[in-house]
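For reference, the chains in residue letters:
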Amino acid sequence: MEQVLSHYDASQDVCNLIHQGPSEGNIGSFLDGLNKLKKAKDYFLNNNPQSVELENVTSLFNNGCETLNNHFKSLLKKHNSPLKPVDLLDMIYIEEDSSNEDCPSIKQLPPSAREELNVIAQWLDNNLRREYVQIFGDERSEVIMRSLQNLKDHQKSGSWGNEPLRTRHGYGRAETGAKKTTSARLQQIFERKANKMFMKASQTLGQSAGLAMRKNSSFGDILAAEEYGNDNDQELEKYLVLLLGLQKLLVWERQLLNDIVPPSRHNEVFSRLSQPSIEMVVKDAEQITSKVMRSIGRKEWSAALGIFSALKHVQILQ
């Protein structure tokens, strides 16, 4: 009997709490209030579906869920900021295998914020409130797009290609050594990626067939420096850097996704947050291809050679 009476008192008991909304770091009490409304709503649905009490608790519950969505969005926005172009370039040029601690997306969101966002997402998903999927996807998609746009704007500036390299262990501090050109940096990146592909393939082949392959025989032989950038096409260089930047950003977003979003929603959310940026780089590729086709129409064959070189590197990224 006491439990039944608590359902009738639910709206009055948590009304102020719901209208005040959740506060960062104290989400538990707000969710407790929503759970109390949910139990009352279920009770009236099963026992008195025509009652005014059902209408009251349902209205308050829906308002609370909307408030929770807004809190989820504001918490994301608070810690969402695009990556600076120089920082993104540093992370691209240093090494693609950065640890989770180096992930800027995770650095932006402190552990307490990630934990709270995860608790909210889990509760919303368990209660069939899926608005957070759109909220998270759209908010993080904007961060990726702004980061890439900042990089594109930087590529148009006079300092493009002259950024100092930074050390892996001394991140944030420029090396005193000689600077490298963009072409040289890209060459080094793709050689590392190609060598890793080769070593992985050789290990698999060696394990299955008992064969040993020479370490020096690598994709690096194929990616000879003289084969890259002969056409001195800065537009292709910039596009390849943009592509590397997108790849890096999406890897980081996947790590952040694992910390916040329920596993059953990973593919849906990742597709939503990645689609706009992928469409942007595809559009850029189409523009470059159109220029090359016009050059071929004028029998300027050197432009086509640059595209083939770029495609060879794009294959390594797949």
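For the structure, check the block above.
Conventions we followed
- Every chain's residues receive numbers from 1 upward, in the order its sequence appears when written.
- In keeping with the model being predicted, local features are shown solely for residues with a pLDDT of at least 70 and side-chain atom pairs are shown and tallied solely at 80 or more, while totals for entire chains, interfaces and linings include all residues.
- Just so you know, side-chain values use all the structure's heavy atoms and leave hydrogens and water out.
- To pair, rings of Phe, Tyr and Trp, with the six-membered ring standing in for Trp, must have centres within 6.5 Å; the planes then decide the type, stacked if under 30 degrees apart, edge-to-face if over 60, and tilted in the middle.
- Helix and strand labels come from DSSP, where a helix needs a run of H or I of at least four residues and a strand needs a run of E of at least two; each type is numbered from the N terminus.
- Here's how the labels work: a residue is buried when its accessible area is under 20% of the maximum for its type, exposed when over 50%, partly exposed in between, all with a 1.4 Å probe on protein chains only.
- Note on geometry: a ring has a charge over it if NZ (lysine) or CZ (arginine) is within 6 Å of the ring centre and within 35 degrees of the ring normal.
- Orientation is described by axes fitted as lines to C-alpha atoms, over the contacting stretch for helices, and by angles from 0 to 180 degrees between their N-to-C directions.
- Orientation categories follow fixed angle ranges, with anything under 35 degrees roughly parallel, anything over 145 roughly antiparallel, 65 to 115 roughly perpendicular, and all other angles oblique.
- Two helices that cross are described as forming a left-handed crossing if the nearer one is turned anticlockwise from the farther one by less than a right angle, and a right-handed crossing if clockwise.
- Contact criterion: two residues are considered in contact whenever any of their non-hydrogen atoms come within 4.5 Å of each other.
- Throughout this entry, Asp, Glu, Lys and Arg are counted as charged residues, while Ala, Val, Leu, Ile, Met, Phe, Trp, Tyr, Cys and Pro are counted as nonpolar. The remaining residues, Gly among them, count as polar.
- Residue count minus one, scaled by 1.5 Å, sets the expected span of a helix.
- A residue's bend is the angle separating two fitted axes: one through the seven residues that end there, the other through the seven that start there.
- By salt bridge we mean one thing: a side-chain nitrogen of Lys or Arg within 4 Å of a carboxyl oxygen of Asp or Glu.

With that out of the way, let us pick up the packing of aromatic side chains. Applying the stated criterion to the full structure yields four aromatic pairs. Taking 4.9 Å as the distance between ring centres and 85 degrees as the angle between the ring planes, the aromatic pair formed by Tyr8 and Phe44 counts as edge-to-face. Of the two residues, Tyr8 is situated in helix α1 (residues 2–20) and Phe44 in helix α2 (residues 27–47); the sequence distance between them amounts to 36 residues. According to the relative accessible area criterion, Tyr8 is partly exposed, its value standing at 37%. When the centroid spacing of 5.3 Å and the interplanar angle of 75 degrees are considered together, the rings of Tyr43 and Phe44 count as edge-to-face. Tyr43 gets classed as partly exposed once you look at its relative accessible area, which sits at 22%. Feature note: the residues Tyr8, Tyr43 and Phe44 constitute an aromatic cluster, connected by ring pairs. Geometry around Phe270 places Arg254 over its ring, the cationic atom sitting 4.2 Å from the centre.

Contact geometry for helix α7 (residues 131–155) and helix α10 (residues 234–260): axes closest at 10 Å, N-to-C directions at 155 degrees. Classed by the angle they form, the pair α7 and α10 counts as roughly antiparallel. Crossing handedness for the pair α7 and α10: right-handed. Contacts between α7 and α10 pair Phe136, Arg140, Ile144, Ser147, Leu148, Leu151, Lys152 and Gln155 from the former with Lys238, Val241, Leu242, Gly245, Leu246, Leu249, Leu250, Glu253, Leu256, Leu257 and Ile260 from the latter. Looking at the contact of α7 with α10, its residues break down into 12 nonpolar, three polar and four charged.

This part takes up the packing of helix α6 (residues 111–126) against α10. As a packed pair, α6 and α10 sit with axes 8 Å apart at the nearest point and diverge in direction by 60 degrees. Relative to α10, the element α6 is oriented oblique. In this structure, α6 contributes Arg114, Leu117, Asn118 and Ala121 to the contact, and α10 contributes Leu256, Asp259 and Ile260. A class-by-class count of the residues in the contact of α6 with α10 yields four nonpolar, one polar and two charged.

Right, let's get into α1. One turn of the α-helix equals 3.6 residues, which is why residues spaced by three or four share an orientation. Taking 1.5 Å per residue, 19 residues should reach 27 Å; α1 reaches 27 Å between its end C-alpha atoms and fits that length. Of all the bends found along α1, the most pronounced is centred on Asp9 and spans about 55 degrees. Buried residues of α1: His7, Ala10, Ser11, Val14 and Ile18, and no others. Those residues of α1 that are buried are in contact with α2 and α3 (52–79).

The next point concerns the pattern of salt bridges. All told, the structure shown has 13 salt bridges when counted by the stated rule. Note that Asp259 is salt-bridged to Arg114, the shortest N-O span being 3.1 Å. Here Asp259 is found in helix α10, whereas its partner Arg114 is found in helix α6, with 145 residues between them in sequence. Looking at Asp259, the relative accessible area reads 33%, which means it is partly exposed. The salt bridge involving Glu253 is made with Arg140; its shortest N-O contact spans 2.7 Å. Highlighted residues: Glu253 in helix α10 and Arg140 in helix α7, separated in sequence by 113 residues. Pair check on accessibility: Glu253 and Arg140 agree, each one buried. Sharing partners across several salt bridges, the network here consists of Asp125, Arg130, Arg265 and Glu268.

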